[in-house]
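Residues per chain are reported as follows:
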Amino acid sequence: MQNSFANRFLALSRERGHLCVGIDPSSEALAAWDLPHDFSGLVRFCDTLVGIAAPRAAVIKPQSAFFERFGPDGMQELKRVVWQTRAGGALTIVDAKRGDLGSTATAYGDAFLGAGSAFGSDAVTAHAYLGIDALAPLFTRAKSHGAAVFVVVRSSNPEGTLLQSARTAGGLSVAESFCEAITRQNAADDVGPIGAVVGATLGDETAGIVARLPNALFLAPGVGAQGATVADVKRAFGGAYARCIPSVSRAIAMAGPNEMALADRIERYADESRLA
């Protein structure tokens, strides 16, 4: 059995802190760095940001959409980002939010997860709109390849509230039912390969979700530009913070393209993210 994603993250977090640096080469980000809105701008943005972040952060999270928009060349750059991250010693979560069933879910696993996959990422994000059990092929691949899948459980965007808070026939909210399913998937591990995406800006609501996920990692986007702080995440996740991966994207990229400023901001967020 390969060393699990959870074990690798927990070890890295003791050394580097919990910080996840999001790599979001949007048109706005390229313009802010005075880079051309083309493939050359994408490469220069990623070379700089990943080169500085990968030796300092525990996790790098490229957002697949910002690479896909450049077509095949962009997807090749996504693969290079994964390998550059590995060379820097960090873990990679490809933020692709894939979600399908059967052979298609299997193909997504073949594309993204673990050694032997097309992109070689350590983890991928997924949504469960077609039913969380439909993600079984992704879960199986993660378990057998020392990788992880982070399922969107409770996002902080207001558009998601109606669906995620809707009640199932059993009385649980959709988000709570996902928690129950993830806990079952992770039953064989102290901290299993199926994690949960839980927004960093949910405040008091977070505690109830955390209580239903005693053996899962948490990916918590929304620190920085969306208003949450690392201190907010520590308070919200409480005793489960050791299993939490707070993610910062725009608030770090805004320090660029100056490399010293980027390094300083990443190191400050990483220091804040360490457990006391």
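All values reported here derive from a predicted model rather than from experimental measurement.

Each value, and the rule that gives it
Residue positions are given per chain, counting from 1 as you read along its sequence in written order. Totals for whole chains, interfaces and linings use every residue, but because this is a predicted model, local features are given only for residues with pLDDT of at least 70 and side-chain atom pairs only at 80 or more, for both listing and counting. Excluding hydrogens and water, the side-chain figures rest on all heavy atoms present in the structure. The helix and strand labels rest on DSSP assignments: H or I over at least four residues marks a helix, E over at least two residues marks a strand, and numbering proceeds from the N terminus. Only the C-alpha atoms count toward the radius of gyration. The rule for a globule is 2.2 Å times the residue count to the power 0.38. A 1.4 Å probe rolled over the protein chains alone gives each residue an accessible area, and that area as a share of the maximum for its type sets the label: buried under 20%, exposed over 50%, partly exposed in between. Only heavy atoms matter for contacts: two residues are in contact if any of them lie within 4.5 Å across the pair. Using a 1.4 Å probe, the Shrake-Rupley method yields the accessible areas, and only the shown protein chains count as cover for residues. Note on charges: Lys and Arg go in the positive column, Asp and Glu in the negative column, and His and the chain ends are not counted at all. The location of each charge is read from NZ of Lys, CZ of Arg, CG of Asp or CD of Glu. Remark: nonpolar core denotes a set of buried residues (Ala, Val, Leu, Ile, Met, Phe, Trp, Tyr, Cys) joined through side-chain atoms within 4.5 Å. DSSP calls a pair of strands paired once it identifies at least 2 bridges connecting them. With axes taken as lines fitted to C-alpha atoms, and helix axes fitted only over the stretch in contact, angles between N-to-C directions fall between 0 and 180 degrees. Side-chain rings of Phe, Tyr and Trp (the six-membered ring for Trp) are treated as a pair once their centres are within 6.5 Å; stacked means planes under 30 degrees apart, edge-to-face means over 60, and tilted covers the remaining angles. Put simply, a charge is over a ring when the Lys NZ or the Arg CZ is close to the ring centre, within 6 Å, and near the line of the ring normal, within 35 degrees. One speaks of a salt bridge when a side-chain nitrogen belonging to Lys or Arg is within 4 Å of a carboxyl oxygen belonging to Asp or Glu. Orient the strands so they point away from the viewer, and a crossover whose first-strand-to-second-strand path over the helix runs clockwise is right-handed. UniProt positions are given in the numbering used here, feature names are shortened, and annotations may be inferred rather than shown by experiment.

Visitor: Quick question: what am I supposed to make of the overall build of the protein here?
Guide: A count of helical and extended segments in the protein gives 13 helices and eight strands. Over its C-alpha atoms the protein spans a radius of gyration of 17 Å, differing by no more than 12% from the 19 Å that the globule rule assigns to 276 residues. Referenced to the eigenvectors of the C-alpha coordinate spread, the extents of the protein come out at roughly 55 × 40 × 35 Å. Residues counted as buried form 54% of the 276 residues belonging to the protein. Counted over contacts in the protein with a minimum sequence separation of 6, partners at least 24 positions apart contribute 71%. Counting only carbon and sulfur atoms, one obtains 54% of the accessible surface of the protein, whose full area is about 11500 Å². Of the side-chain charges in the protein, 25 are positive and 27 negative, and the distance between the mean point of each set is 3 Å.

Visitor: Looking at this model, I keep getting lost on the nonpolar core. Mind explaining?
Guide: Generally speaking, soluble globular proteins have nonpolar side chains that are buried together. Grouped together as the largest cluster of nonpolar side chains are 78 residues, with contacts concentrated most on Phe45, Val149 and Phe237. Considering every element that reaches this core, the biggest residue donor is helix 3 (residues 39-53), with seven residues. Setting aside residues no more than four positions away along its own chain, Phe45 makes contact with Ile23, Asp24, Pro25, Ala29, Leu30, Trp33, Leu35 and Ala253. Core analysis: the second largest hydrophobic core is formed by 19 residues, Phe9, Leu10, Leu217 and Ile245 among them.

Visitor: Just checking my understanding: could you explain the sheet that holds strand 1 (residues 20-23) for this structure?
Guide: Here we have eight strands rolled up into a closed barrel, ordered 1-2-3-4-5-6-7-8, and parallel in their pairing. Strand-to-strand twist in this sheet, taken as the mean axis angle between neighbours without regard to direction, amounts to 30°. Those strands touched by helix 3 are strand 1 and strand 2 (59-62), and its axis lies near 175° from that of strand 1. Contacting strand 5 (148-154) and strand 6 (194-198), helix 9 (residues 174-185) crosses the sheet at an angle of about 155° to strand 5.

Visitor: I tried to follow the packing of aromatic side chains on my own but got confused; where do I start?
Guide: Scanning the entire structure with this criterion turns up four aromatic pairs. Ring centres 4.5 Å apart and planes at 45° place the aromatic pair Trp33 and Phe45 in the tilted group. Of this pair, Trp33 sits in the loop between helix 2 (27-32) and helix 3 while Phe45 sits in helix 3, and the two are 12 residues apart along the sequence. There is no split in this pair, since Trp33 and Phe45 are both buried. Measuring from centroid to centroid gives 5.2 Å for Phe112 and Phe119, while their planes differ by 15°, and the two rings are stacked. Taken individually, Phe112 and Phe119 each receive the classification buried, so the pair is uniform in this respect. Arg86 extends its terminal NZ or CZ atom over the ring of Trp83, reaching a point 4.4 Å from the ring centre.

Visitor: Explanation requested: the pattern of salt bridges in the structure shown.
Guide: Side chains bearing opposite charge may pair, as long as their charged atoms lie close to each other. The final tally for this structure, using the stated rule, is 16 salt bridges. Residues Asp122 and Arg8 are paired through a salt bridge, measuring 2.9 Å at the closest nitrogen-oxygen approach. Note that Asp122 is positioned in the loop between helix 6 (102-112) and strand 4 (123-126) and Arg8 in helix 1 (residues 5-16), a separation of 114 residues in sequence. Asp122 sits in the buried class, given a relative accessible area of 11%. Where Asp110 meets Arg141, a salt bridge forms, and the shortest distance between an N and an O atom there is 3.1 Å. Highlighted residues: Asp110 in helix 6 and Arg141 in helix 7 (residues 136-144), separated in sequence by 31 residues. What makes Asp110 partly exposed here is its relative accessible area of 38%. Ionic contacts of the salt-bridge type, sharing partners, join the residues Arg167, Glu176, Glu180 and Arg212 into one network.

Visitor: Is there a simple way to think about the pairing of strand 7 (residues 218-223) in this case?
Guide: Burial of strand 7 is extensive: five of the six residues sit out of reach of the surface. Bridge count between strand 6 and strand 7: two bridges; the pairing is parallel. Looking at the pairing, Val197 lines up with Leu219 of strand 7. Since strand 6 and strand 7 lie parallel, the crossover through helix 10 (residues 205-211) that links them has a hand, and here it is right-handed. Pairing of strand 7 with strand 8 (residues 244-248) involves five bridges; the strand directions are parallel. Bridge pairing in strand 8 places Val223 opposite Val248. As a crossover connection, the stretch from strand 7 through helix 11 (residues 230-237) into strand 8 is right-handed.

Visitor: Explain the UniProt feature "domain: Orotidine 5'-phosphate decarboxylase" (unreviewed entry) in the protein here, please?
Guide: UniProt annotation of "domain: Orotidine 5'-phosphate decarboxylase" (unreviewed entry) refers to residues 18-265 when read in the numbering used here. The span residues 18-265 is 43% helix and 17% strand, and its two end C-alpha atoms sit 14 Å from each other.

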